[in-house]
Amino acid sequence: MLYNRAVDASSLASALAGLALGPLRYLPSAGSTNQVAMDWALEGAPDLALVAAGEQTSGRGRLGRRWYTPAGTALAFSLVLRGGSQDLHHPARLTHLGALAVCQALREHYRLPAQVKGPNDVLVEGKKLCGVLAEAVWQDQALLAVVIGIGVNVSAGSIPRHLPLAFPATCLEAETGFPVERPKLLRQILESLLRWRAELDSPAFLQRLEDCLALRDQPVRILRPGQPELEGVIAGLDSDGALRLRLAGGEGAAVQFGEVHLRAVDRTPD
Ligand code: BTN
């Protein structure tokens, strides 16, 4: 069947033809594509080298969590970014780049009301459909590269049913109601990522991210390791990308996304 055909290196390569990417490594099964890409970066992988896997056996998420990628159900890929000073000055913003790229691709090509929940989730109708994990690659105390890993739930099998989830989850096929071709989806996301990467430093990037922000004007609780909990309403983003909050007393606060947990106040915290 057209949509559910198996993905392999050559179907991926032809779906990605013409994109300004580095070399592609497709692995039917990998531990973690982020780990493969980080090792490859240390061995000299060039900028925009791409690792994609049909399944991950030890995929990782933020805050030491596991990320499930059962065979043939999802997109799991990692991109090596080592293009120059611009990227490496903004490793935190690269998480946003990944999330914005997915959000825009879902809006443009699937007409879904996708939103970015800082720092690294893409939600549809309040349910998580994608997670992004950016990891730095160091060599001799110098930042060599940043790897952006993106996991997108495509079919129902990508959502772990046997585990308690930190957040409600969904998948692309449940939201669209039709089967999705994974190589095509990968191309759509990468096109969006390449477009927004060129704008990382521009006000347009933050403006678009702000337009996509989940929980805007809603009361949220912000949990930050080692710091007091904050409760307020999300007012938007500051010019440096920090989350702008209106606190209960009316005063404002800026919170860097970094290691925050962001929850609507009526949801159970992590
Ligand atoms: C999160 O939501 O906690 C982030 C999840 C990131 C998952 C992706 S899947 C591809 C890449 N490889 C990994 O091991 N993790 C990322």
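Each remark here, short or long, concerns the structure printed above.
Residues numbered from 1 in each chain as written. Predicted model: local features only at pLDDT ≥ 70, side-chain atom pairs only at ≥ 80, totals over all residues. Heavy atoms only, no water.

### Section: the site of the ligand
Argument step 1. Ser32, Gln56, Arg60, Arg62 and Lys128 are the nearest of the 20 residues found near the ligand.
Argument step 2. Between the ligand and Thr33, the relevant distance is 3.0 Å, taken from a nitrogen atom to a side-chain nitrogen or oxygen of the residue.
Argument step 3. With respect to the ligand, the side chain of Gln56 contributes an N or O atom lying 2.9 Å from a nitrogen atom.
Argument step 4. Contributions of two or more residues to the shell around the ligand are made by helix 2 (33-42), strand 3 (56-60), strand 5 (74-81), strand 8 (127-139) and strand 9 (142-153). (Near = heavy atom within 4 Å. Polar contact = N/O pair within 3.5 Å; in protein donor to acceptor, adjacent residues only side chain to side chain. Helix = DSSP H or I, 4+ residues; strand = E, 2+ residues; numbered from the N terminus.)

### Things to note about the sheet that holds strand 5
Argument step 1. Taken together, 7 strands build an open sheet; the order of strands is 1-2-5-9-8-7-6 and the sheet is mixed. Unpaired on one side and paired on the other, strand 1 (24-27) and strand 6 (114-117) mark the two borders of the sheet. For this sheet the average axis-to-axis angle between neighbouring strands, irrespective of direction, equals 20 degrees.
Argument step 2. Across 8 bridges, the pairing between strand 5 and strand 9 is antiparallel. By the bridge assignment, Phe77 is partnered in strand 9 with Ile150. (Pairing = 2+ DSSP bridges. Axes fitted to C-alpha atoms, helices over the stretch in contact; angles between N-to-C directions.)

### Points about the nonpolar core
Argument step 1. Judged by nonpolar contacts, the single largest core of 63 residues is most densely connected at Phe77, Leu97, Leu106, Ile150, Val152, Leu185 and Leu245.
Argument step 2. Setting aside residues up to four positions removed in sequence, Leu185 forms contacts with Leu75, Tyr110, Val152, Val154, Leu172 and Val180.
Argument step 3. Counting residues in hydrophobic clusters, the runner-up holds 12 residues, among them Ala37, Met38, Trp40 and Ala49. (Core = buried A, V, L, I, M, F, W, Y, C linked by side-chain atoms within 4.5 Å. Buried < 20%, exposed > 50% of the residue type's maximum accessible area, 1.4 Å probe, protein only. Contact = heavy atoms within 4.5 Å.)

### Here we look at the pairing of strand 1
Argument step 1. One ladder, built from 4 bridges, connects strand 1 with strand 2 (residues 50-53); its direction is parallel. Across the sheet, residue Leu27 finds its bridge partner in strand 2, namely Ala53.
Argument step 2. Between strand 1 and its parallel partner strand 2, the chain crosses via helix 2, and the hand of that crossover is right-handed. (Right-handed = clockwise from strand over helix to strand, strands pointing away.)

### A short note on helix 2
Argument step 1. Within the span of helix 2, buried status applies to Thr33, Asn34, Ala37, Met38, Trp40 and Ala41. The buried residues of helix 2 occupy an angular sector of 160 degrees when the element is viewed end-on, so they sit on one face.
Argument step 2. For helix 2, the elements touching its buried residues are strand 1, strand 2, strand 3, strand 5, strand 8 and strand 9.
Argument step 3. Capping the start of helix 2, Ser32 holds a side-chain oxygen 3.2 Å from the backbone nitrogen of Asn34, two or three residues further along. (Arc of directions from axis to C-beta.)

### Notes on the packing of aromatic side chains
Argument step 1. Applying the stated criterion to the full structure yields 2 aromatic pairs.
Argument step 2. Pairing Tyr110 with Phe178 gives two aromatic rings, centres 6.4 Å apart and planes at 25 degrees, and the pair type is stacked. With a gap of 68 residues between them, Tyr110 in helix 4 (residues 91-110) and Phe178 in the loop between helix 5 (172-176) and helix 6 (182-197) connect regions that are remote in the sequence.
Argument step 3. For Tyr110, a relative accessible area of 11% corresponds to the buried category. (Phe/Tyr/Trp six-rings, centres within 6.5 Å; stacked < 30°, edge-to-face > 60°.)

### Quick notes on empty space enclosed by the protein
Argument step 1. In this structure the tally under the stated criterion is 2 cavities of 30 Å³ or more.
Argument step 2. Roughly 90 Å³ of volume is contained in the largest cavity.
Argument step 3. Looking at the largest cavity, the residues that line it are Val7, Leu12, Tyr26, Ala52, Ala53, Gly54, Ala74, Leu75, Ala76, Phe77, Arg182 and Leu186.
Argument step 4. Looking at the lining of the largest cavity, the elements with two or more residues in it are strand 2, strand 5 and helix 6.
Argument step 5. Per-element tally for the lining of the largest cavity: the top contributor is strand 5, with 4 residues.
Argument step 6. The residue inventory of the lining of the largest cavity, partitioned by class, reads 10 nonpolar, 1 polar and 1 charged. (1 Å grid on protein atoms, 1.4 Å probe; cavity = no way out; pocket = protein on both sides within 12 Å on 5 of 7 lines; lining within 4 Å. Points joined across faces, edges and corners; volume = space filled by probe spheres on them. Nonpolar A, V, L, I, M, F, W, Y, C, P; charged D, E, K, R; others polar.)

### Re the pairing of strand 11 (residues 227-237)
Argument step 1. Two elements, strand 10 (residues 219-224) and strand 11, share 5 bridges in a ladder whose sense is antiparallel. Each residue of the ladder has a partner; that of Arg224, found in strand 11, is Gln227.
Argument step 2. Pairing analysis gives 5 bridges linking strand 11 to strand 12 (residues 243-247), with the strands arranged antiparallel. Within the sheet, the bridge partner assigned to Gly236 lies in strand 12 and is Arg244.

### What to know about helix 7 (residues 203-211)
Argument step 1. Here helix 7 has its buried residues at Phe205, Leu206, Leu209 and Glu210. The arc enclosing the buried residues of helix 7, seen along the axis, measures out at 130 degrees, which places them on a common side.

### Some words on the side chain of Glu173
Argument step 1. Inspection of the secondary structure puts Glu173 in helix 5.
Argument step 2. One buried charged side chain, Glu173, makes no salt bridge at all; its nearest oppositely charged neighbour is Arg182, positioned 7.1 Å away.
Argument step 3. A polar contact of 2.8 Å, which involves the side chain of Glu173, links it to the backbone nitrogen of Val180.
Argument step 4. Not counting residues up to four positions away in its chain, the partners in contact with Glu173 are Val154, Ser155, Phe178, Pro179 and Val180. (Lys, Arg positive; Asp, Glu negative; His and termini not counted. Salt bridge = Lys/Arg side-chain N within 4 Å of Asp/Glu carboxyl O.)

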